[in-house]
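# Structural overview for review
What follows is the residue order along each chain.
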Amino acid sequence: METDHHHFMGLAIDQAQRGLAEGNSAIGSVIVRDGTVIGEGHNTVMTDIDPTAHAETVAIRDACRKLGTTDLAGATCYTTVEPCPMCCWIIVRSGIRRLVLGARYADLQGADMGDYTVEGLVALTAKSLDVVTGIRAEECVAVRDQSTA
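One structure accompanies this document, and this report is about it. (Residues numbered from 1 in each chain as written. Predicted model: local features only at pLDDT ≥ 70, side-chain atom pairs only at ≥ 80, totals over all residues. Heavy atoms only, no water.)

## Considering the overall build of the protein
- Each helix and strand counted, the protein has 6 helices and 5 strands in total.
- Sequence-ordered secondary structure for the protein, helices as α and strands as β, is α-β-β-α-α-β-α-β-α-β-α.
- Projected onto its principal axes, the C-alpha coordinates of the protein cover approximately 35 × 30 × 30 Å.
- Considering the protein as a whole, with its 149 residues, one finds that 48% of them fall into the buried category.
- Excluding contacts between residues fewer than 6 apart, the proportion of contacts in the protein whose partners are at least 24 apart in sequence is 61%.
- Carbon and sulfur atoms make up 51% of the accessible area of the protein, which amounts to about 7,200 Å² in all.
- Looking at the protein, you have 12 positive and 20 negative side-chain charges, and the mean spots of the two groups are 7 Å apart. (Helix = DSSP H or I, 4+ residues; strand = E, 2+ residues; numbered from the N terminus. Buried < 20%, exposed > 50% of the residue type's maximum accessible area, 1.4 Å probe, protein only. Contact = heavy atoms within 4.5 Å. Areas by Shrake-Rupley, 256 points an atom, 1.4 Å probe, with all protein chains shown as cover. Lys, Arg positive; Asp, Glu negative; His and termini not counted. Charge placed at Lys NZ, Arg CZ, Asp CG, Glu CD.)

Okay, here's the thing in structure tokens:
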């Protein structure tokens, strides 16, 4: 079980800053299992010209390539901003059962996601996802706000 949420969220924040420096949205993610980072990524939508290259998806792809499997059971996804519905479903489908997030859409000025929450999406399915919120939320909001300024 991952207990150092502050540390791993810091690594996700570092990824978000990398994305920002490359001209992408400032969102970062790391996948952790047994206390070890197995995947990392940041938003590369603009640089890769790929609307699916969100931070969580990039990090999951990285972990799957490194491990040679699509099964990430026992892993935790740390992400600086609440995952969109596409990314949330990929998290669930990959076998990740814990999501640790910083900023919620409700925390972001101008976020256009309506009433969406990851809990709401997961509730529509027969799956489960343990969601931990508020980890370094103010820092995550501040980094994300840099990419919308």
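## Quick notes on helix α3 (residues 55–67)
- The end-to-end C-alpha distance of α3 is 18 Å, a good match for the 18 Å that 13 residues give at a rise of 1.5 Å each.
- Along α3, the residues classified as buried are Ala-55, Glu-56, Thr-57, Val-58, Ala-59, Ile-60, Asp-62, Ala-63 and Cys-64.
- Elements in contact with the buried residues of α3: β1 (28–33), β2 (36–42), β3 (76–81) and α4 (85–93).
- Gly-68 lies just past α3 and shows a positive phi near 70°. (Expected span 1.5 Å × (residues − 1).)

## Notes on unusual backbone geometry
- At Asp-34, a residue that is not glycine, the phi angle is positive and equals roughly 55°.
- Summarising the element assignment, Asp-34 is placed in the loop between β1 and β2.
- Residue class for Asp-34 comes out exposed when judged on its relative accessible area of 67%.
- A positive phi angle, near 55°, is found at Arg-136, a position not held by glycine.
- Tracing the chain through its elements places Arg-136 in the loop between β5 (130–132) and α6 (137–146).

## Quick look at the sheet that holds β5
- Ordered by their spatial adjacency, 5 strands build an open sheet running β2-β1-β3-β4-β5, and the pairing between neighbours is mixed. Taken across any chain shown, the strands that pair with only one partner, and hence form the sheet edges, are β2 and β5. Adjacent strand axes in the sheet meet at a mean angle of 20°, parallel and antiparallel pairs treated alike.
- Pairing geometry for β1 and β2, over 6 bridges, is antiparallel. Of the residues in β2, the one forming a bridge with Val-30 is Glu-40.
- With respect to the sheet, helix α1 (residues 5–21) is in contact with β1, β2, β3, β4 (98–103) and β5, its orientation differing from that of β1 by roughly 145°. (Pairing = 2+ DSSP bridges. Axes fitted to C-alpha atoms, helices over the stretch in contact; angles between N-to-C directions.)

## Some thoughts on α6
- Among the residues of α6, those classed as buried are Ala-137, Cys-140, Val-141, Val-143 and Arg-144. Take α6 and look down its axis: the buried residues cluster within an arc of 165°, on one side only.
- Among the structural elements, α1, β3 and β4 are those in contact with the buried residues of α6. (Arc of directions from axis to C-beta.)

## Quick look at the nonpolar core
- With 42 residues, the main nonpolar core has Met-9, Ile-31, Leu-72 and Ile-96 as its most contacted residues.
- Of all the secondary structure elements, the ones that give two or more residues to this core are α1, β1, α3, β3, α4, β4, α5 (118–123) and α6. (Core = buried A, V, L, I, M, F, W, Y, C linked by side-chain atoms within 4.5 Å.)

## A closer look at the pattern of salt bridges
- Taken as a whole, this structure holds 6 salt bridges when the rule is applied.
- Measuring nitrogen to oxygen at the nearest pair gives 3.9 Å for the salt bridge that ties Asp-50 to Arg-61. On the criterion of sequence distance, the pair formed by Asp-50 in the loop between α2 (45–48) and α3 and Arg-61 in helix α3 is long-range, its members being 11 residues apart.
- Assessed through its relative accessible area of 22%, Asp-50 is described here as partly exposed.
- The salt bridge partner of Lys-66 is Asp-62, with a shortest N-O separation of 3.0 Å. (Salt bridge = Lys/Arg side-chain N within 4 Å of Asp/Glu carboxyl O.)

Interpretation note: all reported values are geometric properties and have no functional meaning in isolation.
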